[in-house]
Amino acid sequence: AQSVTQPDARVTVSEGASLQLRCKYSYSATPYLFWYVQYPRQGLQLLLKYYSGDPVVQGVNGFEAEFSKSNSSFHLRKASVHWSDSAVYFCAVSKTSGGNYKPTFGKGTSLVVHP
Amino acid sequence: AQTIHQWPVAEIKAVGSPLSLGCTIKGKSSPNLYWYWQATGGTLQQLFYSITVGQVESVVQLNLSASRPKDDQFILSTEKLLLSHSGFYLCAWSTGTGDYEQYFGPGTRLTVL
């Protein structure tokens, strides 16, 4: 079974600083990988996804993520954060074949950006 | 463009009372549909999924049920609410025959007193 670990429950950064949110997955093959963002009292929004190919994928609002098969990781990055990036970020993994319609989500990382 | 609507936006209900939450997807035919529950603290728990009208699969048992009466509609319900049902309920849809990205609705906040 697949699993996802987001080791940082909360990350605090200053506006303008760079950001990395960590995600490690466990899956026997290369999975589909996703990052979602949830703003307060809202649903989740897809930031970016990785299916195959270039390990660095670009998302919305300047976010990017890098897939590493050797490290079983899919870390999210942003060069310069804005206070409006404060939200909870979820990493998720899905099977690439024989899907069971049950993607696995991490527990989320709460990002706090200080102005 | 596809849109997903959930209703109501929020509910305050008494323990033991019935509940019905709804979700409608417009602009997408034959979507896969999902219900999630999110506790305070943020962890997402998938409750049900449906890949076609009239067919719903349960993922966890939380004294809740779900139905898909129409292609674009997904209903979550229970006849008797528990305190533990409080939380944020999210509906989502995806496309394809596999586990592709999901698109979430705005959610319903449920408080059980």
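**Quick word on the overall build of chain B**
Within chain B one finds 0 helices and 11 strands. Listing every helix and strand of chain B by position from the N terminus yields β-β-β-β-β-β-β-β-β-β-β. Relative to the 2.2 N^0.38 estimate, which gives 13 Å for 113 residues, the radius of gyration of chain B is 13 Å and therefore close to what a compact globule would have. C-alpha atoms of chain B, sized along the principal axes, occupy 40 × 25 × 20 Å. Sorting the 113 residues of chain B into buried and exposed places 47% on the buried side. A separation threshold of at least 6 residues defines the contact pool for chain B, and within that pool the share at least 24 residues apart is 55%.

**With respect to the nonpolar core**
Counting residues in each nonpolar core, the largest one holds 28 residues, and the members touching the most others are A:L19, A:W35, A:L47, A:L48, A:F74, A:L76 and A:Y89. When contributions to this core are tallied by element, the ones reaching two or more residues are β2 (10–14), β3 (19–21), β5 (32–38), β6 (44–50), β8 (64–68), β9 (73–78), β10 (87–94) and β12 (109–114) of chain A. The element contributing the most residues to this core is β10(A), with 4 residues. In this structure, B:L21, B:W37, B:W93 and B:L110 belong to the second largest nonpolar core, which totals 20 residues.

**Considering the interface of chain B and chain A**
A common way to report how large an interface is uses the accessible area buried once the components associate. Listed by partner, the interface residues are 24 residues for chain B and 21 residues for chain A. Interface area, chain B with chain A, both sides summed: about 1800 Å², of which 57% is carbon and sulfur. Linking chain B with chain A are 1 salt bridge, by the criterion used here. In this structure, the salt-bridge partner of A:K49 is B:E101, at a minimum N-O distance of 2.7 Å. There are 4 residue pairs in polar contact (both at pLDDT 80 or more) connecting chain B and chain A. Counting residues per element, the ones that place at least two in the side of chain B that touches chain A are β4 (32–38), β5 (44–52), β9 (87–94) and β10 (103–104) of chain B. Looking at the side of chain B that touches chain A residue by residue, the classes come out as 12 nonpolar, 10 polar and 2 charged.

**Re the pattern of salt bridges**
All names here are of chain B. The tally for this structure, following the rule as stated, stands at 7 salt bridges over all chains. With a shortest N-O distance of 3.2 Å, R68 and D71 are connected by a salt bridge. Looking at D71, the relative accessible area reads 27%, which means it is partly exposed.

Conventions adopted
- Residues numbered from 1 in each chain as written.
- Chains lettered and ligands numbered in written order.
- Predicted model: local features only at pLDDT ≥ 70, side-chain atom pairs only at ≥ 80, totals over all residues.
- Heavy atoms only, no water.
- Helix = DSSP H or I, 4+ residues; strand = E, 2+ residues; numbered from the N terminus.
- Rg over C-alpha atoms; globule rule 2.2 N^0.38 Å.
- Buried < 20%, exposed > 50% of the residue type's maximum accessible area, 1.4 Å probe, protein only.
- Contact = heavy atoms within 4.5 Å.
- Core = buried A, V, L, I, M, F, W, Y, C linked by side-chain atoms within 4.5 Å.
- Buried area = accessible area lost by both parts, 1.4 Å probe.
- Salt bridge = Lys/Arg side-chain N within 4 Å of Asp/Glu carboxyl O.
- Polar contact = N/O pair within 3.5 Å; in protein donor to acceptor, adjacent residues only side chain to side chain.
- Nonpolar A, V, L, I, M, F, W, Y, C, P; charged D, E, K, R; others polar.

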